[in-house]
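Structure assessment
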Amino acid sequence: MAARYLSEPRTSHGHANPRDSQLRLVLVGKTGAGKSATGNSILGENVFPSGFSAVSITKHCEKGSSAWKGREVVVVDTPGLFDTEATDAETVKEITRCMVLTSPGPHALLLVIPLGRYTPEDQKATEKTLTMFGERAREHMIVLFTRKDDLEGMDFRDYLKHAPSAIQELIRKFRDRYCVFNNKATGAEQENQREQLLALVQDVVDKCDGRYYTNSLYRKAEEEIQKKTQVLQENYRAELERAKAQIKQEFEEEIRKLKDELEQQKWKVEMERQLAEREAYWVSRQQTARDDVLSQNKILEIIFILLEFVSLVFSLFED
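The helix and strand tally for the protein stands at eleven helices and six strands. Relative to its 319 residues, the protein shows a buried fraction of 47%. Long-range contacts, defined here as pairs at least 24 residues apart, represent 77% of the contacts in the protein between residues at least 6 apart. Total accessible area computed for the protein in this model is approximately 17,000 Å², and 49% of it derives from carbon and sulfur atoms.

Right, here's the structure in full:
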């Protein structure tokens, strides 16, 4: 039942909404594949810690953003979700965090694979990722190969002719949706590969009729986020009314004591200034209420409870 729940087909809930001024991308793949460096290349700045290491530098899902053609590009970097050393509990927690950061759903899932030896362990991690997101997610998946610089000028299509059959099968499965990145690139080369990838992401979105990837768990997570956001907005509105009432009470008491009309007018002007200032502050807080909800650990705990049964899915991954 859990597996069916995860891979449930998208519905009209997956169509564009006000948050779709964004392009939300999730980087998935094994530790050492180059996810963090790729995220930095896409964003055009060093947002995610990256470097050569035998163990994952990225411990938790993290988010960064930049602009592209008037849209906000949101990139979520993940630790190696299906590395052999990760426990089921850790994996479920990071899946929860990833869902919160990309709710109501990502437009593209970037499967990051380094060029070179593609081991059976690498293949198994890829298969687990595909199983986790489900068959429907493949419409939103792009294979992103790193270490393009290792080709030393060789055309990637020539490289593919001699690539492992599992790699060739992946590309066929994703209907030639792939990009090749040199994460050491700078300047025009970096901008070029970024442009190619984001154009490919936009093409994926267009072919999906503007839909992002979602499933019933994403929808439940989004419902919880919206519920908490509405509660917080109501709290902020109540805070605004309390603040306004307090300012008015304090100033009106003082104004009543004054005999000079000019002084009264000065106090009234100051009262209006403070009222406008408080209103601007709390209206701004209402507009950013969703971000405030997402920054709270409490929302992670709530959604984690919703996803507790996901641990049952891992029985699918056993040999």
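So, about the nonpolar core. Of all hydrophobic cores here, the largest spans 34 residues; its most connected members are Ile113, Phe145, Phe156 and Ile167. Elements with a minimum of two residues in this core: strand S1 (22-28), helix H3 (88-102), strand S4 (108-114), helix H4 (120-133), strand S5 (141-146), helix H5 (156-161), helix H6 (165-173) and helix H8 (216-257). Beyond its immediate sequence surroundings of up to four residues, Phe156 is in contact with Leu115, Phe145, Leu151, Ile171, Tyr178 and Val180. Counting residues in each nonpolar core, the second largest holds 24 residues, with Val112, Val201, Val205 and Cys208 among its members.

What follows concerns the packing of aromatic side chains. Tallying each qualifying case throughout the model produces eight aromatic pairs. The structure contains a cluster of three or more aromatic residues connected by ring pairs, namely Phe145, Phe156, Tyr159 and Tyr178.

With the rule as written, the count across this model stands at 20 salt bridges. Where Glu239 meets Arg242, a salt bridge forms, and the shortest distance between an N and an O atom there is 2.6 Å. Taken together, the positions of Glu239 and Arg242, both in helix H8 and three residues apart, correspond to about one turn of that helix. Under the relative-accessibility criterion, Glu239 is labelled partly exposed at 32%. The structure contains a network of salt bridges with shared partners spanning Lys30, Glu121 and Asp122.

Backbone hydrogen bonds are what pair the strands of a sheet, in a parallel or an antiparallel way. Taking strand neighbours across the sheet as the criterion, the six strands line up as S2-S3-S1-S4-S5-S6 in an open arrangement whose pairing is mixed. Strands with a single pairing partner mark the edges of an open sheet, and in this sheet they are strand S2 (62-68) and strand S6 (178-180). Between one strand axis and the next, the sheet turns through 25° on average, direction left out of account. Where S2 lies against strand S3 (residues 71-77), seven bridges are found, and the strand directions are antiparallel. Bridge assignment links Trp68 to a residue of S3, and that residue is Arg71.

Right, let's talk about H8 for a bit. For H8, with 42 residues, the first-to-last C-alpha span of 62 Å sits near the 62 Å given by 1.5 Å per residue. Between a side-chain oxygen at the N-terminus of H8 and the backbone nitrogen of Tyr218 the separation is 2.9 Å; the capping residue is Asn215.

A few words on the packing of H8 against helix H9 (residues 261-287). At a minimum axis separation of 9 Å, H8 and H9 run at an interaxial angle of 170°. Considered as vectors, H8 and H9 are oriented roughly antiparallel to each other. A per-class count over the contact of H8 with H9 returns ten nonpolar, four polar and eleven charged.

Averaged over all residues, the pLDDT of the protein is 83; the fraction at 70 or higher stands at 84%. For residues 1-18, every residue scores under 50 in pLDDT, and the model assigns this stretch 48 contacts once sequence neighbours within four places are set aside. In this model residues 311-319 is a low-confidence stretch, pLDDT under 50, and it forms 17 contacts with partners more than four residues away in sequence or in other chains.

Bringing the state of the cysteines into the picture now. Applying the stated rule across the entire model yields zero disulfides. Counting only cysteine sulfurs, Cys98 is the nearest neighbor of Cys61, a cysteine outside any disulfide, at a range of 4.8 Å.

In terms of burial, helix H2 (residues 35-43) is a largely internal element, nine of the nine residues being buried. Taken together, the buried positions of H2 are Lys35, Ser36, Ala37, Thr38, Gly39, Asn40, Ser41, Ile42 and Leu43. At its buried positions, H2 is contacted by S1, S2, S3, S4, S5 and helix H7 (187-207). Just downstream of H2 lies Gly44, where phi reads positive at about 80°.

Cut-offs and rules
- Residues numbered from 1 in each chain as written.
- Predicted model: local features only at pLDDT ≥ 70, side-chain atom pairs only at ≥ 80, totals over all residues.
- Heavy atoms only, no water.
- Helix = DSSP H or I, 4+ residues; strand = E, 2+ residues; numbered from the N terminus.
- Buried < 20%, exposed > 50% of the residue type's maximum accessible area, 1.4 Å probe, protein only.
- Contact = heavy atoms within 4.5 Å.
- Areas by Shrake-Rupley, 256 points an atom, 1.4 Å probe, with all protein chains shown as cover.
- Core = buried A, V, L, I, M, F, W, Y, C linked by side-chain atoms within 4.5 Å.
- Phe/Tyr/Trp six-rings, centres within 6.5 Å; stacked < 30°, edge-to-face > 60°.
- Salt bridge = Lys/Arg side-chain N within 4 Å of Asp/Glu carboxyl O.
- Pairing = 2+ DSSP bridges.
- Axes fitted to C-alpha atoms, helices over the stretch in contact; angles between N-to-C directions.
- Expected span 1.5 Å × (residues − 1).
- Polar contact = N/O pair within 3.5 Å; in protein donor to acceptor, adjacent residues only side chain to side chain.
- Parallel < 35°, antiparallel > 145°, perpendicular 65-115°, else oblique.
- Nonpolar A, V, L, I, M, F, W, Y, C, P; charged D, E, K, R; others polar.
- pLDDT = per-residue confidence, 0-100.
- Disulfide = S-S within 2.5 Å.

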